[in-house]
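Tertiary structure, described
What follows is each chain in one-letter form.
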Amino acid sequence: MTTAAELQARAAAVLPGGSTHIARSYRPPLYVVRAHGARKWLVDGRELVDYTMGHGALLLGHADPRISEAVAEQAARGTHFAAGHEREIEWAERIAALVAAVERVRFTSSGTEATMLALRLARAATGRDLVAKLHDHFHGWYDAVSADRDASSRHFSPDGVPEAVLAQTRVIDPADPEGLDSALGDGQVAALILEASGGHYGRHPLPDGYVAAARRVCDRTGTLLVIDEVVTGFRVHPGGMQALLGVRPDLSTFGKVMAGGLPGGAVGGRADLLDLLAVGSDGRAAVPHPGTYNGNPLSAAAGCTMLALVADGAAQEQAATTAMELERRIAARLAATGVGGRVWRLSSMVHVRLDDAAAEGRLDGLLRAGGVDFFHSSAFVSTAHTEADLEVTEDAFDSALRVAVAGG
Ligand code: PMP
């Protein structure tokens, strides 16, 4: 039988850092052979209660039979037609039916591509070069959204991002009451993009009324508002975070839940903006947008099935109810162990912060050792999580908290 150590050695030789994603660079790495419901099984036979849930994509848990069947059926009929197909139309219709601000939809292969396209559309529509984002809000890994501020408000970005690109992105501190006005006030910014939940799907909550205020400043300054619903879309409410807040963006970006656990993303929004992608009678589009896997039939099959299953809001409510119980039990473990920290929740997403940052840094690893896989001290709860999963989680928390603060 293959062992984790063998896989680790092979991975180290061909994958940079032995992994395919910065957030999957665990020490020791995890090699999963199978996943079902709320559980995943490792190559060494261990079983984990999973709260990473496909980085938030799997609202119905792993391998939901209805989604698996739809994908298998589509795979048997072809995986790529390089032409239109009914499922992509249905997929867009479902998104437009659920999200009030969506009049048209263009599919992409990922959430990253969706936010990239939204900013391209905004620049094309406004004729402005600059874009603005909020500090610590994540929109993918490409240049324009990699700019951020450090503690002393200096712009920074990862190696490999040109200074000239960095200069095109204004970064706003959401804690600064003047931030929106000073970044957008000169009318030079094409779009403000933000996570309406607060950065990292609510790990960094926004001040009350912030998104509505952003809408007003955008209106006053001719800036387009892009709400990034890649994580929150269809998860916090069938109509997304924008439905919960009652704010209508010009453009929205989607991914994750939308594609039912397969690769996919989309931009949705005002028809006049999305129609910049349309090819006219002269054979040209104002904003040309190709993409080999746009509206891919497999992803469309998974996405249509997922959206049909979550359209009435019952799945979101069920996952949120389980998440509320998870939140309650973690709070109880914090109290019982006397570890300083906080647990809070947005719908089915639970966030934990320990007062001792070093202890928090150890938490994910300790939880994994106890059979529970959290994602950067946060949890995505699905409809598949059960009482038995919560019990394993509560026990794992109890031990992990005790060890984390002891410095182990
Ligand atoms: N926007 C947000 C809010 C995200 O959390 C993510 C990914 N975690 C993305 C965009 C990028 O999506 P993808 O990983 O599909 O490119």
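Residues numbered from 1 in each chain as written. Predicted model: local features only at pLDDT ≥ 70, side-chain atom pairs only at ≥ 80, totals over all residues. Heavy atoms only, no water.

1. What about the overall build of the protein?
Secondary structure summary: the protein contains 15 helices and 16 strands in total. Here the C-alpha radius of gyration of the protein, 22 Å, is about what a compact globule of 408 residues would show, namely 22 Å. Dimensions along the principal axes, computed over C-alpha positions, put the protein at roughly 65 × 55 × 45 Å. Counting every position in the protein, which comprises 408 residues, the buried fraction comes to 53%. Put simply, of all contacts in the protein between residues at least 6 apart along the chain, 69% involve residues at least 24 apart. Summed over its atoms, the accessible surface of the protein is roughly 17800 Å², and 54% of this surface lies on carbon and sulfur atoms. (Helix = DSSP H or I, 4+ residues; strand = E, 2+ residues; numbered from the N terminus. Rg over C-alpha atoms; globule rule 2.2 N^0.38 Å. Buried < 20%, exposed > 50% of the residue type's maximum accessible area, 1.4 Å probe, protein only. Contact = heavy atoms within 4.5 Å. Areas by Shrake-Rupley, 256 points an atom, 1.4 Å probe, with all protein chains shown as cover.)

2. Here's the deal with helix 3 (residues 65-77)
In this model helix 3 runs 18 Å from its N-terminal to its C-terminal C-alpha over 13 residues, within 8% of the 18 Å that 1.5 Å per residue would give. Buried within helix 3 we find Ile-67, Ala-70, Val-71 and Gln-74. Around the axis of helix 3, the buried residues are gathered within 95° of arc, so they sit on the same side. Exposed residues pointing more than 90 degrees away from the buried face of helix 3 are listed as Glu-69 and Ala-76. (Expected span 1.5 Å × (residues − 1). Arc of directions from axis to C-beta.)

3. A few points about the pattern of salt bridges
What the rule picks out here adds up to 27 salt bridges. With a closest N to O distance of 3.1 Å, Glu-360 and Arg-203 form a salt bridge. You can see Glu-360 sitting in helix 14 (residues 357-369) and its partner Arg-203 sitting in the loop between helix 8 (199-202) and helix 9 (210-221), a full 157 residues away along the chain. Accessibility assignment for this pair places Glu-360 and Arg-203 in one class, buried. Between Arg-328 and Glu-325 there is a salt bridge, with its nearest N and O atoms 2.8 Å apart. Of this pair, Arg-328 and Glu-325 both sit in helix 13 (residues 314-337), 3 residues apart, roughly one helical turn. Overall, the relative accessible area of 22% leaves Glu-325 in the partly exposed class. Put simply, Glu-325, Arg-328, Arg-329, Arg-333, Glu-387, Glu-394, Asp-398 and Arg-402 are held in one network by salt bridges that share partners. (Salt bridge = Lys/Arg side-chain N within 4 Å of Asp/Glu carboxyl O.)

4. Here's the deal with the site of the ligand
Neighbouring the ligand are Ser-110, Gly-111, Thr-112, Phe-138, His-139, Gly-140, Glu-195, Asp-228, Val-230, Val-231 and Lys-256. One nitrogen or oxygen atom from the main chain of Gly-111 is found 2.8 Å from an oxygen atom belonging to the ligand. One nitrogen or oxygen atom from the main chain of Phe-138 is found 3.3 Å from a nitrogen atom belonging to the ligand. Along the lines of polarity and charge, the residues of the shell around the ligand split into 3 nonpolar, 5 polar and 3 charged. (Near = heavy atom within 4 Å. Polar contact = N/O pair within 3.5 Å; in protein donor to acceptor, adjacent residues only side chain to side chain. Nonpolar A, V, L, I, M, F, W, Y, C, P; charged D, E, K, R; others polar.)

5. Considering unusual backbone geometry
In this structure, Tyr-201 is a non-glycine residue whose phi angle is positive, near 45°. Mapped onto the elements, Tyr-201 comes out in helix 8. Classification of Tyr-201 as buried rests on a relative accessible area of 9%. Of note, the phi angle at His-376 is positive, near 50°, even though the residue is not glycine. When you line up the elements, His-376 lands in the loop between strand 15 (372-373) and strand 16 (378-380). According to the relative accessible area criterion, His-376 is partly exposed, its value standing at 46%.

6. Observations regarding the pairing of strand 1 (residues 32-36)
Bridging between strand 1 and strand 2 (residues 39-42) involves 4 bridges; their strand directions are antiparallel. Each residue of the ladder has a partner; that of Arg-34, found in strand 2, is Trp-41. Connecting the antiparallel pair strand 1 and strand 2 is a turn made up of 2 residues, with Gly-37 showing a positive phi of about 60°. (Pairing = 2+ DSSP bridges.)

7. A word on the domain arrangement of the protein
Along its sequence, the protein is carved into domain 1 (31-63 + 314-405) and domain 2 (65-310). On a C-alpha basis, the centroid separation for the pair domain 1 and domain 2 is 27 Å. At the interface, 24 residues of domain 1 touch 26 residues of domain 2. Interface of domain 1 and domain 2: buried area, both sides summed, is about 1900 Å²; carbon and sulfur atoms make up 56% of it. Of all residues in domain 1, the largest losses of buried area upon contact with domain 2 belong to Leu-60, Gln-316 and Leu-346, amounting jointly to 27% of the total for that side. Where domain 1 meets domain 2, there are 1 salt bridge. There are 13 residue pairs in polar contact (both at pLDDT 80 or more) connecting domain 1 and domain 2. (Domains from an automatic or database assignment. Buried area = accessible area lost by both parts, 1.4 Å probe.)

8. Section: the side chain of Thr-337
Tracing the sequence through the fold places Thr-337 in helix 13. For Thr-337, the residues in contact, after removing those within four places along its chain, are Asp-398, Leu-401 and Arg-402.

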